[in-house]
Amino acid sequence: MRVAVADDAALFRDGLCLLLSAAGVEVAAQAADGDELFEQIKTDLPDVVILDIRMPPKPDGGLSTAEKLRATYPDLGILMLSHYTETPYLMKLLEIGSRGVGYRLKERVADVATLQDTLTRIAAGDTVIEPEVVERLLEQRRKRATSPGIAQLTEREKDVLRHMAEGRSNGGIAEVLVLNTKTVEKHIASIFAKLGLPATETNHHRRVSAVLAYLRARQDGAENL
């Protein structure tokens, strides 16, 4: 696997590159900010880029770089690293794309096995989210939720939600499940209602929240998901 790294903290960046080498991962490029990294990989695209969320050229430069990279290279894996469990950053990352992305705490990728596993899953198109961040976000949702959630979904709604978690559009879900798009839209509206996701939020944000609830339920070992 080939990886590019961008972090304005030279000491952390160098340490991460050493850890990557120890994990058998080739460091194809390293940079102090997102703009520098973008230029470096133009002619030599890696499998995954690792970005610090808080780095130049903006206060949350890692996110703006991730957005630019995903728009230019849709299949490029993106791993965001942070010192903090900040749910707004996670929401912004998932708005950029839910496949082949990851959000992990820097302290949690400090061993070879964890780093290898995270990068392998992201390169394969999985979504890898720090459990603490998911828990914090879901706790915020629970405070507003009025329904039992996942357990209340019908089997068909669970099918729809599973395909939402795979990053499929409404049209893509309709094609896979052999339904018309309007039927899929009705199922999604029902999912939002049962998960207690308020209509005051945008459909995109509710979609991301529903997927997070699904991922958490799978992590907790819920059956039939």
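Our subject is the structure that appears above.
Just so you know, these numbers come straight off a predicted model, no measurement behind them.

Some remarks on the overall build of the chain
Working step 1: A tally of regular secondary structure across the chain gives 10 helices and 6 strands.
Working step 2: Computed over its C-alpha atoms, the radius of gyration of the chain comes to 18 Å, within 12% of the 17 Å expected for a compact globule of 225 residues.
Working step 3: Its C-alpha atoms put the chain at 50 × 35 × 30 Å along the principal axes.
Working step 4: Across the 225 residues that make up the chain, the buried fraction comes to 48%.
Working step 5: Accessible surface, the chain as shown: approximately 10700 Å² in total, 50% of it carbon and sulfur.
Working step 6: The chain carries 29 positive and 33 negative side-chain charges, and their two centres are separated by 7 Å.

Thoughts on the nonpolar core
Working step 1: Grouped together as the largest cluster of nonpolar side chains are 31 residues, with contacts concentrated most on Ile41, Val49, Leu51 and Leu69.
Working step 2: Element by element, the count of residues in this core is highest for helix α4 (residues 87-96), at 5 residues.
Working step 3: With residues up to four places along the chain from it excluded, the contact list for Ile41 reads Ala4, Ala29, Pro46, Val49, Leu69, Tyr73 and Leu76.
Working step 4: Counting residues in each nonpolar core, the second largest holds 20 residues, with Leu153, Ala165, Leu177 and Ile188 among its members.

Re the packing of aromatic side chains
Working step 1: Enumeration according to the criterion identifies 1 aromatic pair in this entry.
Working step 2: Ring centres 6.2 Å apart and planes at 40° place the aromatic pair Phe38 and Tyr73 in the tilted group. Linking Phe38 in helix α2 (residues 34-41) with Tyr73 in the loop between α3 (61-72) and β4 (77-82), this pair joins segments that are 35 residues apart in sequence.
Working step 3: Residue Phe38 is classed as buried on the basis of its relative accessible area of 8%.
Working step 4: On the accessibility criterion, Tyr73 (17% relative accessible area) is buried.
Working step 5: Across the ring face of Phe38, the terminal group of Lys68 is positioned such that the distance to the ring centre comes to 4.1 Å.
Working step 6: Note that Lys106 overlies the ring of Phe12, its terminal NZ or CZ placed 4.3 Å from the centroid.

Here we look at the pattern of salt bridges
Working step 1: Here the structure, examined in full by the defined rule, presents 16 salt bridges.
Working step 2: Residue Lys92 is joined to Asp60 by a salt bridge in which the shortest nitrogen-to-oxygen separation is 3.9 Å. Residue Lys92 is located in helix α4, and its partner Asp60 is located in the loop between β3 (48-52) and α3; the two are separated by 32 residues in the primary sequence.
Working step 3: The network of salt bridges with shared partners includes Arg104, Glu107, Arg108, Glu130 and Glu132.

A look at the sheet that holds strand β6 (residues 127-129)
Working step 1: Judged by pairing direction, the sheet is parallel, and its 6 strands sit side by side in the order β2-β1-β3-β4-β5-β6 without closing on themselves. What marks the edges here is a single partner per strand, and that holds for β2 (26-31) and β6. Taken pair by pair, the neighbouring strands of this sheet meet at an average axis angle of 20°, ignoring direction.
Working step 2: As paired strands, strand β1 (residues 2-6) and β2 are joined by 5 bridges and run parallel to one another. Opposite Val5, over in β2, you have Gln30 as the bridge partner.
Working step 3: Its contacts with the sheet put α4 on β4, β5 (101-105) and β6, and the angle it makes with β5 is roughly 165°.

Observations concerning unusual backbone geometry
Working step 1: For Val178, which is not glycine, the phi dihedral falls at a positive 55°.
Working step 2: The exposed category is assigned to Val178, whose relative accessible area is 71%.

Cut-offs used in this document
Residues numbered from 1 in each chain as written. Predicted model: local features only at pLDDT ≥ 70, side-chain atom pairs only at ≥ 80, totals over all residues. Heavy atoms only, no water. Helix = DSSP H or I, 4+ residues; strand = E, 2+ residues; numbered from the N terminus. Rg over C-alpha atoms; globule rule 2.2 N^0.38 Å. Buried < 20%, exposed > 50% of the residue type's maximum accessible area, 1.4 Å probe, protein only. Areas by Shrake-Rupley, 256 points an atom, 1.4 Å probe, with all protein chains shown as cover. Lys, Arg positive; Asp, Glu negative; His and termini not counted. Charge placed at Lys NZ, Arg CZ, Asp CG, Glu CD. Core = buried A, V, L, I, M, F, W, Y, C linked by side-chain atoms within 4.5 Å. Contact = heavy atoms within 4.5 Å. Phe/Tyr/Trp six-rings, centres within 6.5 Å; stacked < 30°, edge-to-face > 60°. Lys NZ or Arg CZ within 6 Å of the ring centre and 35° of its normal. Salt bridge = Lys/Arg side-chain N within 4 Å of Asp/Glu carboxyl O. Pairing = 2+ DSSP bridges. Axes fitted to C-alpha atoms, helices over the stretch in contact; angles between N-to-C directions.

None of the figures reported here should be taken as evidence of function without further support.
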